[in-house]
Amino acid sequence: PIQQVATPSGDSLVVQVPFPRGSVHAQVWSVEVGRTALYLLDTNIEQNEPDDRDITSILYGGDSEMRIRQEILLGIGGLRALYAMGIRPSICHMNEGHCAFQALERIRILMVEQGFSFKAAREATVAGNIFTTHTPVSAGNDWFPHQLVSDYLGAYAGELGLSAEQLLGLGRTDPQDSEGEFCMTVLALRRSTHSNAVSRLHGE
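Presented here is an overview of the structure given in this document. (Residues numbered from 1 in each chain as written. Predicted model: local features only at pLDDT ≥ 70, side-chain atom pairs only at ≥ 80, totals over all residues. Heavy atoms only, no water.)

**Digging into the environment of I58**
Consideration 1: With respect to the helices, strands and loops of the structure, I58 is situated in the loop between α1 (50-53) and α2 (64-84).
Consideration 2: Linking I58 and Q70, residues 12 residues apart in sequence, is a C-alpha distance of 9.7 Å. (Helix = DSSP H or I, 4+ residues; strand = E, 2+ residues; numbered from the N terminus.)

**As for the packing of α2 against helix α5 (residues 146-159)**
Consideration 1: It is at 10 Å that the axes of α2 and α5 come closest, and there the two elements cross at 25°. Considering the angle they form, α2 stands roughly parallel to α5. In terms of crossing hand, the pair formed by α2 and α5 is right-handed. Facing α2, whose interface residues are S64, E65, I68, R69, I72, I76 and R80, α5 presents L148, V149, Y152, L153 and Y156.
Consideration 2: Across the contact of α2 with α5, the residue classes tally to eight nonpolar, one polar and three charged. (Axes fitted to C-alpha atoms, helices over the stretch in contact; angles between N-to-C directions. Parallel < 35°, antiparallel > 145°, perpendicular 65-115°, else oblique. Left-handed = near helix turned anticlockwise from the far one by under 90°. Contact = heavy atoms within 4.5 Å. Nonpolar A, V, L, I, M, F, W, Y, C, P; charged D, E, K, R; others polar.)

**Overview of the environment of S150**
Consideration 1: Note that S150 resides in helix α5.
Consideration 2: S150 sits 115 residues away from R35 along the chain, and the two C-alpha atoms are 41 Å apart.

**Some words on unusual backbone geometry**
Consideration 1: We note that E96 has phi near 75°; this positive angle belongs to a residue other than glycine.
Consideration 2: Residue position: E96 is located in the loop between β5 (92-95) and α3 (101-114).

**Details of the packing of aromatic side chains**
Consideration 1: Under the definition given, this model contains two aromatic pairs.
Consideration 2: Consider the rings of F19 and Y152, whose centres lie 5.8 Å apart with planes at 90°: the pair is edge-to-face. With a gap of 133 residues between them, F19 in the loop between β2 (14-17) and β3 (24-33) and Y152 in helix α5 connect regions that are remote in the sequence. Each member of the pair, F19 together with Y152, is buried.
Consideration 3: Between F101 and F182, the ring centres sit 6.1 Å apart and the planes meet at 20°, which makes this aromatic pair stacked. Residue F101 is located in helix α3, and its partner F182 is located in strand β8 (residues 182-183); the two are separated by 81 residues in the primary sequence.
Consideration 4: Given the relative accessible area of 1%, F101 is considered buried. (Phe/Tyr/Trp six-rings, centres within 6.5 Å; stacked < 30°, edge-to-face > 60°. Buried < 20%, exposed > 50% of the residue type's maximum accessible area, 1.4 Å probe, protein only.)

**Examining α3**
Consideration 1: For α3, built from 14 residues, the straight-helix expectation of 20 Å at 1.5 Å per residue is met to within 8% by its first-to-last C-alpha distance of 20 Å.
Consideration 2: Within α3, 11 of the 14 residues are buried, which leaves the element mostly enclosed by the surrounding structure.
Consideration 3: Regarding α3, the residues found buried are F101, Q102, A103, L104, E105, R106, I107, R108, I109, L110 and M111. (Expected span 1.5 Å × (residues − 1).)

**Considerations on the sheet that holds strand β9 (residues 194-197)**
Consideration 1: Judged by pairing direction, the sheet is parallel, and its three strands sit side by side in the order β5-β6-β9 without closing on themselves. Looking along the sheet, the strands with just one partner apiece sit at the ends: β5 and β9. Taking the axes of each pair of neighbouring strands and ignoring which way they run, one obtains an average angle of 20° across the sheet.
Consideration 2: Sheet analysis places β5 next to strand β6 (residues 129-133), joined by four bridges and oriented parallel. In the strand pairing of β6, C92 is matched with N129.
Consideration 3: Across the sheet, α3 touches β5 and β6, and the angle it forms with β5 is around 155°. (Pairing = 2+ DSSP bridges.)

**Things to note about a nonpolar patch on the surface**
Consideration 1: On the surface, V33, L38 and L40 cluster together into a nonpolar patch covering about 240 Å² of accessible area.
Consideration 2: Within the secondary structure layout, L40 lies in strand β4 (residues 36-42). (Patch = residues over 30% accessible without salt bridge, like charges linked within 9 Å, V, L, I, M, F, W, Y side chains within 5 Å. Areas by Shrake-Rupley, 256 points an atom, 1.4 Å probe, with all protein chains shown as cover. Salt bridge = Lys/Arg side-chain N within 4 Å of Asp/Glu carboxyl O.)

Structure (structure tokens):
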């Protein structure tokens, strides 16, 4: 039930995600769960530096830098993997904020493919994003220092036609607070047309 996803030529499907020290590569695996295909990303491959091979080794492990590396890989790399397999979802469900960077990648892809501005691509994609929260208390959501986000996504912001400060504003409780931390839940809420929760109390 578990196998590597292959390209049409028979090679292992590998996607690249930009990081400050160079691209990180992730091999794609497919797991058949009944009639559902589950796709997994694996950075423990020879194309990566030793530190990068550990990104997918432990879930919810490590410090803030490891967490943002994992979430960039999940959000941006996950959507790139789907597109590389010819899967172009019209609806993307963000289950918790960990994968919220996919909302930015959807925008970037539309800008590249259709020549849209950031604003137009944002409006075109937000209707197809849904967000579910599980843990609506501060300790259960990811907050990153603004410098860490700038270091990892500063160049990516340029691909979106944004400054690093503008990108940071997308995930700040107050977009004008230049010292405010970046919250993945805030990013997911702002980039979704619909949000819900796992219980009525959490929804409130």
